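So the chains spell out like this:
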Amino acid sequence: DAKTTQPNSMESNEEEPVHLPCNHSTISGTDYIHWYRQLPSQGPEYVIHGLTSNVNNRMASLAIAEDRKSSTLILHRATLRDAAVYYCIRNSGGGADGLTFGKGTHLIIQP
Amino acid sequence: NAGVTQTPKFQVLKTGQSMTLQCAQDMNHEYMSWYRQDPGMGLRLIHYSVGAGITDQGEVPNGYNVSRSTTEDFPLRLLSAAPSQTSVYFCASSRTSTRELFFGEGSRLTVL
């Protein structure tokens, strides 16, 4: 049961914005949308999360569709250090379904 | 601020051996969890805990035991290691189950 759907990989150029899409068409009204990223040989790192409204922090912005069935992680100015696997997760906050990680999107940054 | 600390970072076991992966957090987080990550795959939830004294199974619990006697510690026990348990294991914690997760650096386990 794929709770979220992401492209397997994306490529972007350094210093350009990156928009990483995620579909979560079966999301419930109380599920949070979380984004994490994982650099090679490291543990996942929290990026951003939101419920309904768009969110901004020092790392990225999260744009959530009005129907909440999709969201987009926006890296405003990609650097080589942003090359990682990005995971979009539905967090229901309940038990074993709380945080299920799919395979994520492998983001490649070209210099 | 240490965050989430996992030990050991690397371990090699023989089939049938038992061992414990340690996880400790110093952020007073209620929620803790263990994941495994196989090559080219996402993370799969093994066990989780919503507070001291409370544990429950995740997606892939077979072959693993956990306990949560304190808020800080959440050890993962392999009862009788099998080659299929060769993986990288990540421990994570968060203030509550809906808040952001903080991950450890991982423990790479090889079972021969």
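Residues numbered from 1 in each chain as written. Chains lettered and ligands numbered in written order. Predicted model: local features only at pLDDT ≥ 70, side-chain atom pairs only at ≥ 80, totals over all residues. Heavy atoms only, no water.

Novice: How should I be thinking about the pairing of strand S6 (residues 54–57) of chain B in this particular structure?
Specialist: When a strand is regular, its side chains alternate between the sheet's two faces. Judged from the three bridges that link them, strand S5 (residues 43–51) of chain B and S6(B) form a sheet pairing that is antiparallel. Paired with His47(B) across the strands is Gln57(B), a residue of S6(B). (Pairing = 2+ DSSP bridges. Helix = DSSP H or I, 4+ residues; strand = E, 2+ residues; numbered from the N terminus.)

Novice: Can you walk me through the sheet that holds strand S1 (residues 9–13) of chain A in this structure?
Specialist: Adjacent strands of a sheet form backbone hydrogen bonds with each other and so pair up, either parallel or antiparallel. All names here are of chain A. The five strands are arranged S1-S9-S8-S3-S4 in an open sheet whose pairing can be described as mixed. Of all strands in the sheet, those bounded by a partner on one side alone are S1 and strand S4 (45–50). Neighbour-to-neighbour, the strand axes of the sheet open up by a mean angle of 25 degrees, direction not taken into account. For strand S3 (residues 32–38) and strand S8 (residues 84–91), the ladder comprises seven bridges, and the chain directions are antiparallel. In the strand pairing of S8, Tyr36 is matched with Tyr87. (Axes fitted to C-alpha atoms, helices over the stretch in contact; angles between N-to-C directions.)

Novice: Can you help me understand the nonpolar core in this one?
Specialist: Nonpolar side chains in soluble globular proteins generally cluster together in the buried interior. Counting residues in hydrophobic clusters, the biggest one holds 19 residues, and the most contacted among them are Val18(A), Leu20(A), Trp35(A), Leu73(A), Leu75(A), Tyr86(A) and Leu107(A). Elements that contribute at least two residues to this core include exactly strand S2 (18–23), S3, S4, strand S6 (61–64), strand S7 (70–75), S8 and strand S9 (105–110) of chain A. Ignoring sequence-local partners within four residues, the contact set of Tyr86(A) consists of Gln6(A), Leu20(A), Trp35(A), Tyr36(A), Arg37(A), Leu73(A), Leu75(A), Gly104(A), Thr105(A) and Leu107(A). In terms of nonpolar packing, the next biggest core, distinct from the first, is built from 18 residues, Leu21(B), Ile46(B), Phe74(B) and Leu78(B) among them. (Core = buried A, V, L, I, M, F, W, Y, C linked by side-chain atoms within 4.5 Å. Buried < 20%, exposed > 50% of the residue type's maximum accessible area, 1.4 Å probe, protein only. Contact = heavy atoms within 4.5 Å.)

Novice: Mind showing me how you'd approach the environment of Arg44(B) here?
Specialist: All names here are of chain B. Residue placement: Arg44 occurs in strand S5. When its relative accessible area of 27% is taken as the criterion, Arg44 is described as partly exposed. It is 6.5 Å that separates the C-alpha atoms of Arg44 and Glu59, two residues lying 15 residues apart in sequence. A distance of 2.6 Å separates the side chain of Arg44 from the side chain of Asp38, its partner in a polar contact. (Polar contact = N/O pair within 3.5 Å; in protein donor to acceptor, adjacent residues only side chain to side chain.)

Scope: geometric values only; no functional claims are made or implied.
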